[in-house]
Amino acid sequence: SFGQDKTSSAKLPNLLEQSGYTYSKVSDNIWTIPFHGKALPDFKVMISTGEGMAVIFVVVAEKNQLRVTPELMRSLLLMNDDFDRVKIGIDKHGDLFVRIDSTVRVMDLEELKANIEQVAAATDEITKAIKPYIIQSKQ
């Protein structure tokens, strides 16, 4: 409902402000937080809100970077079972993502930070696991 969106769009910026993360506002309901991983040196955790939900996610690999095989899919499904909070998937564009969907109404600072850290950690783990399936771009 509209009321929830108004609450979401006010609550999340306040939590981000308190979080201690360096973040940027991309548009009305989208923010990014830069991260540095071991397997993926620089990536951005994105946070998007709408309809009372916050989606915290990273696009780990775009469709054109991935060599999709049954082995890769099996590996991703097994990791989906291994990780506690995150879900791993392929979006309608064919991009590989890791994300957590959360209800903004019940989110507090501790929960936001835990979710951001989980998505960032999973991104690094998945990046390590998919290395054999990454298509190297010809420079």
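Preceding block: the structure.
Just so it is clear, the model here is predicted, and its values are computed rather than measured.

*Asks:* In this structure, what is going on with the overall build of the chain? I would like to understand it.
*Replies:* Scanning the chain from terminus to terminus reveals 3 helices and 6 strands. Counting from the amino terminus, the chain carries its helices and strands in the arrangement α-β-β-β-β-α-β-β-α. In summary, the chain has a C-alpha radius of gyration of 16 Å against a globular reference of 14 Å for 139 residues, a match within 12%. Here the C-alpha coordinates of the chain stretch approximately 45 × 30 × 25 Å along the principal axes. The long-range share in the chain, meaning contacts at least 24 apart out of those at least 6 apart in sequence, stands at 59%. For the chain, the accessible area works out to roughly 8400 Å², and carbon and sulfur atoms hold 51% of it.

*Asks:* Help me out: how do you make sense of the environment of R74 in this one?
*Replies:* Examined against the element boundaries, R74 turns out to sit in helix α2 (residues 70-82). On the accessibility criterion, R74 (56% relative accessible area) is exposed. Sequence spacing of R74 and V59 is 15 residues, and the spatial spacing of their C-alpha atoms is 19 Å.

*Asks:* Please clarify how the pairing of strand β1 (residues 24-27) should be interpreted in this entry.
*Replies:* Consecutive residues of a regular strand have side chains that alternate between opposite faces of the sheet. Relative to strand β2 (residues 30-35), β1 runs antiparallel, the two being bridged by 3 bridges. In the sheet register, K25 faces β2, and the bridge partner there is W31. Between the antiparallel neighbours β1 and β2 lie 2 residues.

*Asks:* Would you mind going over helix α3 (residues 109-130) with me for this structure?
*Replies:* The first and last C-alpha atoms of α3 sit 32 Å apart over 22 residues, in line with the 32 Å expected at 1.5 Å per residue. Taken together, the buried positions of α3 are L112, N115, I116, V119, A120, A122, T123, D124, I126, T127 and I130.

*Asks:* Got a minute to help me understand the pattern of salt bridges in this structure?
*Replies:* If the charged atoms of two oppositely charged side chains come close together, the side chains can form a pair. Evaluation of the coordinates by the stated rule reveals 4 salt bridges. For the salt bridge of R85 with E111, the shortest nitrogen-to-oxygen distance reads 3.1 Å. Of the two residues, R85 is situated in the loop between α2 and β5 (87-90) and E111 in helix α3; the sequence distance between them amounts to 26 residues. The partly exposed category is assigned to R85, whose relative accessible area is 38%. For E111, a relative accessible area of 28% puts it in the partly exposed group. Among the ionic pairs, D101 bridges to R99, the shortest N-O distance being 2.9 Å. In this structure D101 comes out as partly exposed when scored by relative accessible area, which is 31%. Looking at R99, the relative accessible area reads 26%, which means it is partly exposed. Taken together, the salt bridges that share partners define one network made up of K87, R99 and D101.

Definitions and limits used
Residues numbered from 1 in each chain as written. Predicted model: local features only at pLDDT ≥ 70, side-chain atom pairs only at ≥ 80, totals over all residues. Heavy atoms only, no water. Helix = DSSP H or I, 4+ residues; strand = E, 2+ residues; numbered from the N terminus. Rg over C-alpha atoms; globule rule 2.2 N^0.38 Å. Contact = heavy atoms within 4.5 Å. Areas by Shrake-Rupley, 256 points an atom, 1.4 Å probe, with all protein chains shown as cover. Buried < 20%, exposed > 50% of the residue type's maximum accessible area, 1.4 Å probe, protein only. Pairing = 2+ DSSP bridges. Expected span 1.5 Å × (residues − 1). Salt bridge = Lys/Arg side-chain N within 4 Å of Asp/Glu carboxyl O.

Just geometry here; none of it tells us what the structure is for.
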